[in-house]
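A closer look at the structure
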Amino acid sequence: MVVLAASVVSKSGKVILSRQFVDMNRIRIEGLLAAFPKLVGTGKQHTYVETENVRYVYQPIEALYLLLVTTKQSNILEDLETLRLLSKLVPEYAYSLDEDGLAKTAFELLFAFDEVICLGHKENVTVAQVKQYCEMESHEEKLHKLVLQSKINETKDVMKRKASEIEKSKIDKGRGGDKGGFMSMGSGRIESSFSDMSISSSGSGFGSGSGFGITTDVDSFSTKPKGRQPSSATAPPKGLGMQLGKSQKTNQFLASLQAEGELIVEDVQPKAGQSRVAAAAPTDPITLTAEEKLNVTLKRDGGISNFDVQGTLSLQILNQEDGLIQVQIETGGNPGILFKTHPNMNKELFSNENILGLKDPNRPFPTGAGDAAGVGLLKWRMQSADESLVPLSINCWPSVSGNETYVSIEYEASSMFDLRNVVISVPLPALREAPSVRQIDGEWRYDSRNSILEWSILLIDNSNRSGSMEFVVPPADSSVFFPISVRFSATNTYSDLKSGVELSIFLISAIFLTFSTFNFNCKDVVLINARDSLRGEMLLQVVNVIPLRGGAPPKFAQKTSLITENYQVV
């Protein structure tokens, strides 16, 4: 018995896969397989065909043929047994018994055929044994992988040690540069100790800048363009005596990393932020906060796809004795504004009298300054298709000229808001170096890892309602520069604009749920409204605060903020 080849062919003669077990050139095997469909007759019961030189032993598998090409001297019974075993292996490895399924597992089937037939002769194996042999793990292979992985781990350890040594040498150099500023102290020991504190990157009270009462305002974008001089804000102030901080060499090293696109976050920045948060802790007995989140999607060719404002009115009370209150509001009655009260609020009281109070009037509001957000009282939502409501419009004009792409970006801000910490993020194609910025109103930073150019403006007010930036990159398609993401914040909101009548909420009074005489005391109010197509000036009406248990009413504080949640140009 000599099996020349084991193949799977279609009924039209197309070869799906074939494995030859004797020396045979490609032209001969292709000729033998191409002749097979012409020899197969219809209506015959036997599954073999003989020619002058070879014998075809086959078995139909749906729309395909599993075929053995053998010599005429081969034992037909053993050939049929081999064919039966192969017909069991094909469904075990193929995803489906069609051309695509067999093509995906062609190599697995060929390996299985090799386990069944060796040099044209059938091996004494079963289907289970063939699967076990094909899945058998090699001890040498596992050993090789372990050795390779150990070499990789060792190389990583060497890299970490080298990086640590380099960093330590840079710190030592910076420490040596700091000693010159403390020579007047008269002691090398004092010089060393203060230098160590300067390198600690605000790890203790001295490094944080709070030990001597000195605070430094850190801009949200510390990275400057290449070639620019360091900002004067980082220069040590005169007349403050001894200054503690990083050495000049260390700052130069960080500046070089920033110029290469690395994002460097100073340790002093979180400390400063924490000090600001601590300083901004509420001191008034009652604080009412109106916050709005803006979701806007603008079209690159003009127009607006989505404009959604979601607002929240929250209450924060410091003292427990001030917890028994109710807040009365007045709405504009616009059915397009959707109000939702907190589940613990008395919905019937709000629907009838526009008063926000708990379901149980004897239950006080939660108190304490632990939660900076306070207790949510009311939520509202405004949607519009009016493009004039957009606080910041972005126009991007890419144009290809020769081997360069010139990109001009322009912003136009509405006079409704003064925007702070504006960041316009423009995606770029993969670049080897930072783009060439020809003109810019503000600052820019290139994030090489994410391939994003960030354009930052600290404040947009009446002095700079419009601005532009132009940069040059290698040739690229215009769609690469979208979507453009924008983020900013504002101290005023759509709620406190006086140009619309969709929604107006007045914090009218706080009513103390006790019985006593009362007096009147006018307080500031928070107006929350939204622009509509109607243009009119809203008159603010100040209403008194009535404490029913006597004594002076508590002070009120109002806070408003507008932030972007998702602002894009697509």
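Looking at an unreviewed UniProt entry, the chain carries the name Coatomer subunit delta, with the source organism given as Corchorus capsularis. Taken directly from UniProt, the Sequence similarities (unreviewed entry) text for the chain runs: "Belongs to the adaptor complexes medium subunit family. Delta-COP subfamily." Under the UniProt heading Subunit (unreviewed entry), the entry covering the chain gives this text: "Oligomeric complex that consists of at least the alpha, beta, beta', gamma, delta, epsilon and zeta subunits."

Quick look at the overall build of the chain
Of the regular secondary structure elements, the chain holds ten helices and 25 strands. Residue burial in the chain is summarised as follows: out of 570 residues, 37% are buried. When contacts within the chain are restricted to residue pairs at least 6 apart in sequence, those whose partners lie at least 24 apart make up 71%. About 32200 Å² of surface is accessible on the chain, with carbon and sulfur atoms providing 51% of the total.

Thoughts on the environment of Ser12
By the element assignment, Ser12 lies in the loop between strand E1 (3–10) and strand E2 (15–20). Looking at Ser12, the relative accessible area reads 67%, which means it is exposed. With 26 residues separating them in the primary sequence, Ser12 and Lys38 have C-alpha atoms 9.1 Å apart. A distance of 3.1 Å separates a polar atom in the side chain of Ser12 from a polar atom in the side chain of Ser10.

Section: the nonpolar core
Counting 64 residues, the largest nonpolar core has Leu392, Phe471, Phe481 and Tyr494 as its most contacted members. Two domains each put at least three residues into this core: domain 2 (282–395 + 416–422 + 481–512 + 536–569) and domain 3 (396–415 + 423–480). In this view, Leu392 contacts Leu298, Tyr411, Glu412, Ala413, Leu419, Val422, Ile460, Val486, Phe488 and Tyr567; residues no more than four positions away in its chain are not counted.

Examining the environment of Ile16
Tracing the sequence through the fold places Ile16 in strand E2. Those residues in contact with Ile16 that sit more than four places away from it in its chain are Val8, Val9, Ser10, Leu64, Glu99 and Leu102.

Considerations on the pattern of salt bridges
Scanning the entire structure with this criterion turns up eleven salt bridges. For Arg19, the salt bridge identified is with Asp114, shortest N-O distance 2.8 Å. One end of the pair, Arg19, is in strand E2; the other, Asp114, is in helix H4 (residues 106–116), and 95 residues separate them in sequence. Look at Arg19 and you get partly exposed, because its relative accessible area is 30%. Ionic pairing is found between Glu50 and Arg55, a salt bridge with its closest N-O pair at 3.0 Å. Overall, the relative accessible area of 7% leaves Arg55 in the buried class.

Things to note about the sheet that holds strand E14 (residues 392–401)
Across the sheet, which stays open at both edges, the four strands sit in the order E14-E15-E20-E17 with antiparallel pairing between neighbours. Edge positions in the sheet fall to E14 and strand E17 (436–440), since each has one partner strand and no second. Each strand of the sheet is rotated relative to its neighbour by a mean of 15°, with strand direction disregarded.

Observations concerning the packing of helix H2 (residues 76–93) against H4
For the pair H2 and H4, interaxial distance at closest approach is 10 Å and the crossing angle is 150°. Taken together, the axis directions place H2 and H4 in an arrangement best described as roughly antiparallel. Judged by the sense of rotation from one axis to the other, the crossing of H2 with H4 is right-handed. Residues Thr82, Leu85, Leu86, Leu89, Val90 and Tyr93 of H2 form the contact with H4, whose participating residues are Glu108, Leu109, Ala112, Phe113 and Val116. Per-class residue counts for the contact of H2 with H4 are nine nonpolar, one polar and one charged.

Here's the deal with the packing of aromatic side chains
Counted by the stated rule, this structure contains eight aromatic pairs. Taken together, a centroid distance of 5.6 Å and an interplanar angle of 85° make the contact between Tyr58 and Tyr65 edge-to-face. We note Arg300 situated over the ring of Phe482; from NZ or CZ to the ring centre the distance is 4.1 Å.

Concerning the sheet that holds strand E19 (residues 452–460)
The nine strands are arranged E11-E13-E9-E8-E25-E21-E16-E19-E18 in an open sheet whose pairing can be described as mixed. The strands lining the two open edges of the sheet, one partner per strand, are strand E11 (338–341) and strand E18 (443–447). The sheet shows a mean angle of 15° between the axes of neighbouring strands, direction not considered. Bridging between E18 and E19 involves five bridges; their strand directions are antiparallel. Across the sheet, residue Tyr446 finds its bridge partner in E19, namely Leu453.

Conventions adopted
- Residues numbered from 1 in each chain as written.
- Predicted model: local features only at pLDDT ≥ 70, side-chain atom pairs only at ≥ 80, totals over all residues.
- Heavy atoms only, no water.
- UniProt positions renumbered as here; feature names shortened; annotations may be inferred.
- Helix = DSSP H or I, 4+ residues; strand = E, 2+ residues; numbered from the N terminus.
- Buried < 20%, exposed > 50% of the residue type's maximum accessible area, 1.4 Å probe, protein only.
- Contact = heavy atoms within 4.5 Å.
- Areas by Shrake-Rupley, 256 points an atom, 1.4 Å probe, with all protein chains shown as cover.
- Polar contact = N/O pair within 3.5 Å; in protein donor to acceptor, adjacent residues only side chain to side chain.
- Core = buried A, V, L, I, M, F, W, Y, C linked by side-chain atoms within 4.5 Å.
- Domains from an automatic or database assignment.
- Salt bridge = Lys/Arg side-chain N within 4 Å of Asp/Glu carboxyl O.
- Pairing = 2+ DSSP bridges.
- Axes fitted to C-alpha atoms, helices over the stretch in contact; angles between N-to-C directions.
- Parallel < 35°, antiparallel > 145°, perpendicular 65-115°, else oblique.
- Left-handed = near helix turned anticlockwise from the far one by under 90°.
- Nonpolar A, V, L, I, M, F, W, Y, C, P; charged D, E, K, R; others polar.
- Phe/Tyr/Trp six-rings, centres within 6.5 Å; stacked < 30°, edge-to-face > 60°.
- Lys NZ or Arg CZ within 6 Å of the ring centre and 35° of its normal.

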